[in-house]
Amino acid sequence: MGILYDDVVMIKQSEQEGKPSVITVNCPDKTGLGCDICRIILFFGLTVVRIDVSTDGKWCYIVLWVVSKGSTKWDLLKSRLMGACPSCSSVSGILFYTSDSQPRKPPDVFLLKFCCYDRRGLLHDVTKVLCELELTIKKVKVSTTPDGRVMDLFFITDTRELLHTKKRKDDTRDYLGAVLGDAMISCDIEMVGSEITACSQGPSFLSDPTLETLEEHSSNAASFKCPSITFDNLLSPSLTLVQIVCQDHKGLLYDVMRTLKDYNIQVSYGRFTMEGKTECELDLFLMQSDGKKIIDPSKHKALQSRLEIELSRPLRVSLISRGPDTELVIANPVELSGKGRPLVFYDITLALKMLDQPIFSAEIGRYMISDREWEVYRVLLDEGDHVSVSKKQIEETVWKMLMSWE
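Residues numbered from 1 in each chain as written. Predicted model: local features only at pLDDT ≥ 70, side-chain atom pairs only at ≥ 80, totals over all residues. Heavy atoms only, no water.

**Q** Would you mind going over the sheet that holds strand E4 (residues 59-68) with me for this structure?
**A** For sheets, the rule is that strands pair by backbone hydrogen bonds, running either parallel or antiparallel. With antiparallel pairing, 8 strands are arranged side by side in an open sheet as E1-E2-E4-E3-E11-E12-E10-E9. A strand with exactly one partner marks an edge of an open sheet, and here the two such strands are strand E1 (9-12) and strand E9 (228-232). Strand after strand, the sheet turns through a mean of 15° between neighbouring axes, direction not considered. Relative to strand E12 (residues 279-287), strand E10 (residues 240-247) is paired through 8 bridges, and the arrangement is antiparallel. Bridge pairing in E12 links Gln 247 to Glu 279. On the sheet, helix H1 (residues 33-43) packs against strand E2 (21-28), strand E3 (46-55) and E4 and is oriented at approximately 20° with respect to E4. Along the sheet, helix H2 (residues 74-84) contacts E1, E2, E3 and E4; its crossing angle with E1, the most-contacted strand, is approximately 155°. (Pairing = 2+ DSSP bridges. Helix = DSSP H or I, 4+ residues; strand = E, 2+ residues; numbered from the N terminus. Axes fitted to C-alpha atoms, helices over the stretch in contact; angles between N-to-C directions. Contact = heavy atoms within 4.5 Å.)

Here it is in structure tokens:
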């Protein structure tokens, strides 16, 4: 439960389009708070151009300068940010992240099942509706029948925690009906157990993915410049300074902060600035859960290696030929807390809609790959005679959409 003071989160909206709005968060500290905030910012489609973070070990002060590319629900954003803040009872010290000692009731899972007539861009239009309604897609199975009908199974959770009510269900159906129009045939929403989602999809249309397979077929890594990451234990008597210079991409701060959260490392002070349009600089003063700086060389090496991977390969995008079929595979690592990267499926379907590329089938699942949990998106493309988009163009367009590159 977040703290209830109205000045915990303050938002000063920009009066000029394209200029940054300022978000201030002033609350008790905890490890992973920066990750949770950056994830919310990413979900709302905002671009962070600058951030300042400071904490005294009990209280945290964060200022973000963000640019909105479209209409932003600022009141809802404020509510979500306040919900991410710890309660005032935690001011006695930092709450370091643990996945076992602070269990939370998993959100209720619902099955949204609907049938409609197929058309170009259908999957993205549905995904957009679910995002606008704050319904999070956990898994999806989309298939097209020979007679031109689509059967969609979306396993979703509700950020507002109201989908068990008749009104929320009716609103969701009405919203989908307004978007799909006469194409809608049927729509049903029912609660299912969390164990159902674990085995809901059954065998995939392909074998389980491996990181080696994704790496082998992915060609987009070359578009990234190798990040520069340096450690300094001399500047501060109690903190480790990590300096990062890297290429900008969508979700950059989230990638850094979720890595630190997974390593249970606290940011005591941090600053992020943009250098030009494509390069970023981060200065982060860090300490471990024991309150000490990071001195062990093996921990330096492990953290540096993980940051280099996350900043040069935040996602894997592969286009793989499977006999007569072509499969688009996108994979991203999942936080130890179980949260996945927001809006990935939204960006994938938007890119394919822009290319006027039909989708025959789609799946979302989670797999353990190389000792890490990954969220894997699989899209089987419909390659009829009328399709003229090259495979290279598909991969590049999806990649640029995910990275928010022009």
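So much for the structure itself; the text now carries on.
**Q** Explain the side chain of Thr 259 here, please?
**A** Within the element layout of this structure, Thr 259 appears in helix H7 (residues 252-262). Apart from the residues within four sequence positions on either side, Thr 259 is in contact with Leu 303, Arg 306, Leu 307 and Glu 310.

**Q** Please clarify how the side chain of Asp 158 should be interpreted in this entry.
**A** Position of Asp 158 relative to the elements: it lies in strand E7 (residues 149-158). By relative accessible area, Asp 158 is classed as buried at 6%. Among the polar contacts listed, one links the side chain of Asp 158 to the backbone nitrogen of Leu 163, at a separation of 3.0 Å. Excluding anything up to four places from it in sequence, Asp 158 contacts Leu 133, Glu 134, Leu 135, Leu 163 and Arg 168. (Buried < 20%, exposed > 50% of the residue type's maximum accessible area, 1.4 Å probe, protein only. Polar contact = N/O pair within 3.5 Å; in protein donor to acceptor, adjacent residues only side chain to side chain.)

**Q** So what exactly am I meant to see when it comes to the nonpolar core here?
**A** Most often, soluble globular proteins keep nonpolar side chains buried together rather than apart. One finds Ile 23 and Ile 244 to be the most contacted residues of the largest nonpolar core, which totals 50 residues. Among the elements that take part in this core, H1 stands out by supplying 7 residues, more than any other. Excluding residues that lie within four positions of it along the chain, Ile 244 makes contacts with Ser 228, Ile 229, Val 256, Cys 280, Glu 281, Leu 282, Leu 284, Leu 307 and Leu 311. (Core = buried A, V, L, I, M, F, W, Y, C linked by side-chain atoms within 4.5 Å.)

**Q** What is the right way to read the sheet that holds strand E8 (residues 184-192) from this model?
**A** Judged by pairing direction, the sheet is antiparallel, and its 8 strands sit side by side in the order E8-E5-E7-E6-E15-E16-E14-E13 without closing on themselves. Each having just a single partner strand, E8 and strand E13 (316-322) make up the two edges of the open sheet. Neighbour-to-neighbour, the strand axes of this sheet turn through a mean angle of 25°, independent of strand direction. Strand direction decides the pairing type here: strand E6 (residues 135-144) and E7, joined by 9 bridges, are antiparallel. Across the sheet, residue Ser 143 finds its bridge partner in E7, namely Met 151. Contacts from helix H4 (residues 166-180) reach strand E5 (109-117), E6, E7 and E8 within the one sheet, and its direction differs from that of E8 by about 150°.

**Q** Please explain the packing of helix H3 (residues 122-132) against H4 as it appears in this structure.
**A** Packing of H3 against H4 brings their axes to within 10 Å, and their N-to-C directions diverge by 145°. Judged by the twist between their axes, the crossing of H3 over H4 is right-handed. Facing Leu 122, Asp 125, Val 126, Val 129 and Glu 132 of H3, the residues of H4 in contact are Tyr 175, Leu 176, Val 179 and Leu 180. Within the contact of H3 with H4, the residues separate by chemical class into 7 nonpolar, no polar and 2 charged. (Left-handed = near helix turned anticlockwise from the far one by under 90°. Nonpolar A, V, L, I, M, F, W, Y, C, P; charged D, E, K, R; others polar.)

**Q** Got a minute to help me understand unusual backbone geometry in this structure?
**A** With the exception of glycine, the majority of residues adopt a negative phi angle, and the majority of peptide bonds are in the trans configuration. Phi is positive for Asn 264, close to 60°, though the residue is something other than glycine. Mapped onto the elements of the fold, Asn 264 is located in the loop between H7 and strand E11 (266-275). We note that Asp 356 has phi near 60°; this positive angle belongs to a residue other than glycine.

Shape is all these values report; function is a separate question.
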